[in-house]
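Summary of structural features
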Amino acid sequence: MADVLWRDTALTPKIFILDARAVFPLALWLFHWAYWTAAIAFAAIFVLYLVQRTGMTPVACFRAIRVACMGGRRETRNNESQWRKRCRW
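Presented here is an overview of the structure given in this document.

Below, the discussion takes up the overall build of the protein chain. Looking only at helices and strands, the protein chain features four helices and two strands. Along its sequence from the N terminus, the protein chain presents helices and strands in the succession β-β-α-α-α-α.

Within this structure, the stated rule accounts for two aromatic pairs. Considering the side-chain rings of Trp29 and Phe42, the 5.6 Å spacing of their centres and the 55 degrees angle between planes classify their relative orientation as tilted. Of this pair, Trp29 sits in helix H1 (residues 23-31) while Phe42 sits in helix H2 (residues 35-53); the two residues are 13 residues apart in sequence, bridging distant segments of the chain. Note on Trp29: relative accessible area 17%, which makes it buried. Exposure remark for Phe42: the relative accessible area of 46% places this residue in the partly exposed category.

Here H1 crosses H2 at 175 degrees, and the two axes come no closer than 8 Å. Taken together, the axes of H1 and H2 are roughly antiparallel relative to one another. Counted together, Pro25, Leu26 and Trp29 of H1 and Thr37, Ala38, Ala41, Phe42, Ala44 and Ile45 of H2 form the full contact between these two elements. Its residues assigned to classes, the contact of H1 with H2 comprises eight nonpolar, one polar and no charged.

Another aspect to go through is H2. In a regular helix each residue adds 1.5 Å, so 19 residues correspond to 27 Å; H2 covers 27 Å between its end C-alpha atoms and thus fits that length. Those residues of H2 that sit buried are Thr37, Ala38, Ala41, Ile45, Leu48 and Val51. All buried residues of H2 lie within an arc of 150 degrees about the axis, which places them on one face of the element. Exposed side chains of H2 directed beyond 90 degrees from the buried face belong to Tyr35, Trp36 and Arg53. Those residues of H2 that are buried lie in contact with strand S2 (18-19), H1 and helix H3 (58-70). One or two residues past the end of H2 sits Gly55, with phi positive at roughly 95 degrees.

The subject of this paragraph is a nonpolar patch on the surface. Taken together, the side chains of Ile15, Phe16, Ile17 and Val23 define a hydrophobic patch exposed on the protein surface, amounting to about 440 Å² of accessible area. Its place among the elements puts Ile15 in strand S1 (residues 14-15).

Mapped onto the secondary structure, Thr37 falls in helix H2. Discounting residues that sit within four places of it in the chain, Thr37 has contacts with Trp29 and His32.

A separate point is the environment of Ala27. Structurally, the position occupied by Ala27 is in helix H1. C-alpha of Ala27 to C-alpha of Ala41: the two residues are 14 residues apart in sequence and 8.5 Å apart in space.

Thresholds, definitions, all that
- Residues numbered from 1 in each chain as written.
- Predicted model: local features only at pLDDT ≥ 70, side-chain atom pairs only at ≥ 80, totals over all residues.
- Heavy atoms only, no water.
- Helix = DSSP H or I, 4+ residues; strand = E, 2+ residues; numbered from the N terminus.
- Phe/Tyr/Trp six-rings, centres within 6.5 Å; stacked < 30°, edge-to-face > 60°.
- Buried < 20%, exposed > 50% of the residue type's maximum accessible area, 1.4 Å probe, protein only.
- Axes fitted to C-alpha atoms, helices over the stretch in contact; angles between N-to-C directions.
- Parallel < 35°, antiparallel > 145°, perpendicular 65-115°, else oblique.
- Contact = heavy atoms within 4.5 Å.
- Nonpolar A, V, L, I, M, F, W, Y, C, P; charged D, E, K, R; others polar.
- Expected span 1.5 Å × (residues − 1).
- Arc of directions from axis to C-beta.
- Patch = residues over 30% accessible without salt bridge, like charges linked within 9 Å, V, L, I, M, F, W, Y side chains within 5 Å.
- Areas by Shrake-Rupley, 256 points an atom, 1.4 Å probe, with all protein chains shown as cover.
- Salt bridge = Lys/Arg side-chain N within 4 Å of Asp/Glu carboxyl O.

Written as structure tokens, this is what we have:
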């Protein structure tokens, strides 16, 4: 059976058990040695680990937080005339 090189290209890269995107806060800490940057980096890594445990990607988690903050109502072209009247421009 031939080796298929592109088979695992859709998988997210991992470093041990963490998503590879969790390395970026650690890299920021390595550029600026301080206790507060270490605390921020490890807190960010912990949050990204918790996001990974829920089965979401960090991008999907940020989108879910944005939708939770903004609400479920979206303005469309159909009701543009209603909200355009409330604008001063």
